[in-house]
Amino acid sequence: MNITKRLFPYTRPWDHILDSVHYNKIFHPNLCHVCKKTREVVNLITCNRCFFISYCSEDHKNLHFLQHREICTAIEKYLKDNPEYLTHRFSQEEWLEVHDDFYQSVKQNLGRELERYEEQMFIFTRLCFICYQQTRLYSCKKCLSIDYCLEHKEEFEQRHE
C-alpha cells in the first residue's frame, strides 16, 4: 500500500508539488511539512523559532520559510512572553485554557484568519499524552500520532496498547 496516495491524495503531477503551494496544506506534527516523510523514516528537525512544524532537511525548512514566516513570528512572540509554555507540565484543564490563550494571542498578532494548516498546528500540537509537556518527546511507533515524554513512557505504553 502506498500511504502517500492513500492518506494524502494529490491530483496534480508529483513533479509539480515543489512549484506549488499545495504541498503544505496538511499539517501533522510527526511528518515533514513539505514531503510528508515520517519520523520513522528520517530524523525530523523542528522549526527552531516556533517549534511546531517539522522538516526532513534544512532544504525543506528553507523552501517553506516564506509561507511559514508570518505565523512563526506570531508564535515566537507568544513563546518569548510565555517561556514556560513548551516545558511546563499541565493538567488537561490547565493546558486547554493556556493553549486557547496561546491560539487567540497568535490569531490577534496575525490580524487575520488562520489558514487551515495553521489551525491544524494548534489542533494537533505535539505534546506528551500524559503531562502535556511539549519538549523532549518521542512518538508512538505504531500510530505516529501520539507523543510522550521519557518520564511517562511506561504509563503511555500501558494506556496506549
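This text goes with the structure placed above it.
Read on for an overview of the structure. (Residues numbered from 1 in each chain as written. Predicted model: local features only at pLDDT ≥ 70, side-chain atom pairs only at ≥ 80, totals over all residues. Heavy atoms only, no water.)

Quick notes on the packing of aromatic side chains
In total, this model carries eleven aromatic pairs according to the counting rule given. Centre to centre, the rings of Phe129 and Phe156 are 6.0 Å apart; their planes meet at 85°, and the pair counts as edge-to-face. Taken together, the residues span a long stretch of sequence, with Phe129 in the loop between α4 (116–123) and β3 (137–139) and Phe156 in helix α5 (residues 153–159) at a distance of 27 residues. An aromatic cluster is present here, built from Phe52, Tyr78, Tyr85, Phe102, Tyr103 and Phe122 joined pairwise through their rings. (Phe/Tyr/Trp six-rings, centres within 6.5 Å; stacked < 30°, edge-to-face > 60°. Helix = DSSP H or I, 4+ residues; strand = E, 2+ residues; numbered from the N terminus.)

Re α4
Residues of α4 that are buried: Tyr117, Glu118, Gln120, Met121 and Phe122. Among the structural elements, α2 (58–81) and α3 (92–110) are those in contact with the buried residues of α4. (Buried < 20%, exposed > 50% of the residue type's maximum accessible area, 1.4 Å probe, protein only. Contact = heavy atoms within 4.5 Å.)

What about the pattern of salt bridges?
For the structure on display, the rule yields eight salt bridges. Between Asp81 and Lys77 there is a salt bridge, and its shortest N-O distance comes to 3.5 Å. Of this pair, Asp81 and Lys77 both sit in helix α2, separated by four residues, roughly a single helical turn. When its relative accessible area of 51% is taken as the criterion, Asp81 is described as exposed. Through salt bridges that share partners, Glu70, Arg112 and Glu118 make up one connected network. (Salt bridge = Lys/Arg side-chain N within 4 Å of Asp/Glu carboxyl O.)

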